[in-house]
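# Structural characterization, general
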Amino acid sequence: MINLNGKVAIVTGGAVGIGAAISKELASNGVKVVLNYNSSSKAAEDLVAQIQANGGEAYAVQADVSVSEEATKLVNAAVEKYGRLDILVNNAGITRDSSFKKLSEENWRKVIDVNLNSSYNTISPALPHLSESDAGRIINISSVIGQTGAFGQTNYSAAKAGLIGFTKSLALELAKTNVTVNAICPGFIETSMVLEIPEEIRGQIVAKIPQKRFGHPEEIARGVLFLCKDGAYITGQQLNINGGLAM
Ligand code: NAD
């Protein structure tokens, strides 16, 4: 098992929802967390204060990771602040749901940019630093929707499936190094992303989940922790945390 004390992580979209749970979990295990946010500055400041009050170390950096210059700025800020980088969690994501017939080009491109191209944008500048770590970790937060597809989510499922292919290919390319690359595929997790779904449809979704409940952000965070601590021989995989929704 890897001792995470003093290791440095970037968590994109790390101020709210699943990202916030990941930031907290890593920080409570001794990781210095660079918590990226785009617009949630108050949530980011509050979370940094909360982590520090619990004896952890965190630093908030604003960057829109769908823009490559901003992702590079984020990675540079992390390395300038803490002198190293061991873990990169590509968690930032959005949905812009609509049936394909009504899907605008803008909402196609936006979802691909934030959910898929952002990982290219962060990994490119981060890789030289991760390669210097004795336990480099890239963890891409994909989705069950990237595995199964979903009505009204052609853009999102394309991005999340793309992330899985990207993960496998990069894992192969880096397999002889100390850097592992994995995807986590959450099912439906109780965050604003799911709470925005109309209540009636949420009820229909829960009925289809074999374990009959939504997941908690902390359950995804513990998957990230597992890959960081115990994942030296795990690469190119999809960790499905979905209550049995896809098997
Ligand atoms: P959320 O909306 O609560 O959080 C998403 C985070 O991403 C926010 O902090 C947001 O500010 C940030 N973000 C969005 N665009 C950004 C950008 N351009 N640059 C930087 N940050 C940006 O959603 P969540 O449910 O916590 O989702 C986190 C990740 O998990 C996403 O990638 C999402 O697709 C994935 N996921 C969520 C679920 C779910 O059921 N909630 C299921 C499967 C996958």
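Above this text is the structure in question.
Residues numbered from 1 in each chain as written. Predicted model: local features only at pLDDT ≥ 70, side-chain atom pairs only at ≥ 80, totals over all residues. Heavy atoms only, no water.

Turning our eyes to something else, we now look at the sheet that holds strand 7 (residues 238-241). Taken together, the seven strands give an open sheet; going across it, the order is 3-2-1-4-5-6-7, and neighbouring strands pair in parallel fashion. Edge strands, defined here as strands with exactly one partner in the open sheet, are strand 3 (57-62) and strand 7. Looking at each pair of strands side by side, their axes are set apart by 20° on average, direction ignored. Relative to strand 5 (residues 136-141), strand 4 (residues 87-90) runs parallel, the two being bridged by four bridges. Counterpart to leucine 88 in the pairing with strand 5 is isoleucine 138. (Pairing = 2+ DSSP bridges. Helix = DSSP H or I, 4+ residues; strand = E, 2+ residues; numbered from the N terminus. Axes fitted to C-alpha atoms, helices over the stretch in contact; angles between N-to-C directions.)

A word on the side chain of serine 23. Of note, serine 23 is situated in helix 1 (residues 17-27). A polar contact of 3.1 Å, which involves the side chain of serine 23, links it to the backbone oxygen of glycine 14. The contacts of serine 23, once residues within four sequence positions are left out, are Val11, Gly14, Val33, Leu35, Leu47 and Ile51. (Polar contact = N/O pair within 3.5 Å; in protein donor to acceptor, adjacent residues only side chain to side chain. Contact = heavy atoms within 4.5 Å.)

Contact geometry of helix 3 (residues 68-82) with helix 4 (residues 105-130) gives a least axis separation of 7 Å together with a crossing angle of 30°. On the basis of their axis angle, the class for helix 3 and helix 4 is roughly parallel. Crossing of helix 3 against helix 4: the hand is right-handed. Of helix 4, the residues touching helix 3 (which contributes Ser68, Ala71, Thr72, Val75 and Val79) are Asn121, Thr122, Pro125, Ala126 and His129. Here the contact of helix 3 with helix 4 is built from residues that sort into five nonpolar, five polar and no charged. (Parallel < 35°, antiparallel > 145°, perpendicular 65-115°, else oblique. Left-handed = near helix turned anticlockwise from the far one by under 90°. Nonpolar A, V, L, I, M, F, W, Y, C, P; charged D, E, K, R; others polar.)

Once that is clear, we can look at the site of the ligand. Near the ligand you find 29 residues, and of these Asp64, Asn91, Tyr156, Ile189 and Thr191 are the closest. Residue lysine 160 places a side-chain N or O atom 2.9 Å away from an oxygen atom belonging to the ligand. Here serine 192 contributes a side-chain N or O atom positioned 3.2 Å from an oxygen atom of the ligand. Protein coverage of the free-state accessible area of the ligand, which is 820 Å², stands at 92%. Residue assignment for the shell around the ligand shows that the elements contributing at least two residues are helix 1, helix 4, helix 6 (154-174) and helix 7 (192-195). (Near = heavy atom within 4 Å. Areas by Shrake-Rupley, 256 points an atom, 1.4 Å probe, with all protein chains shown as cover.)

Considering all chains together, one arrives at two aromatic pairs under this definition. Note on tyrosine 59 and tyrosine 82: the rings are 6.4 Å apart at their centroids and 85° apart in plane angle, and the pair reads as edge-to-face. Separated by 23 residues along the polypeptide, tyrosine 59 in strand 3 and tyrosine 82 in helix 3 bring together distant segments of the chain. Using a relative accessible area of 29% as the deciding quantity, one classes tyrosine 59 as partly exposed. Assessed through its relative accessible area of 14%, tyrosine 82 is described here as buried. Judged by centre distance (6.5 Å) and plane angle (50°), the ring pair of phenylalanine 188 and phenylalanine 214 falls under tilted. Residue phenylalanine 188 is located in the loop between strand 6 (179-186) and helix 7, and its partner phenylalanine 214 is located in the loop between helix 8 (199-208) and helix 9 (217-230); the two are separated by 26 residues in the primary sequence. Comparing phenylalanine 188 with phenylalanine 214, the two get one shared label, buried. Above the face of the tyrosine 59 ring, lysine 81 is positioned so that its terminal group lies 4.8 Å from the ring centre. (Phe/Tyr/Trp six-rings, centres within 6.5 Å; stacked < 30°, edge-to-face > 60°. Buried < 20%, exposed > 50% of the residue type's maximum accessible area, 1.4 Å probe, protein only. Lys NZ or Arg CZ within 6 Å of the ring centre and 35° of its normal.)

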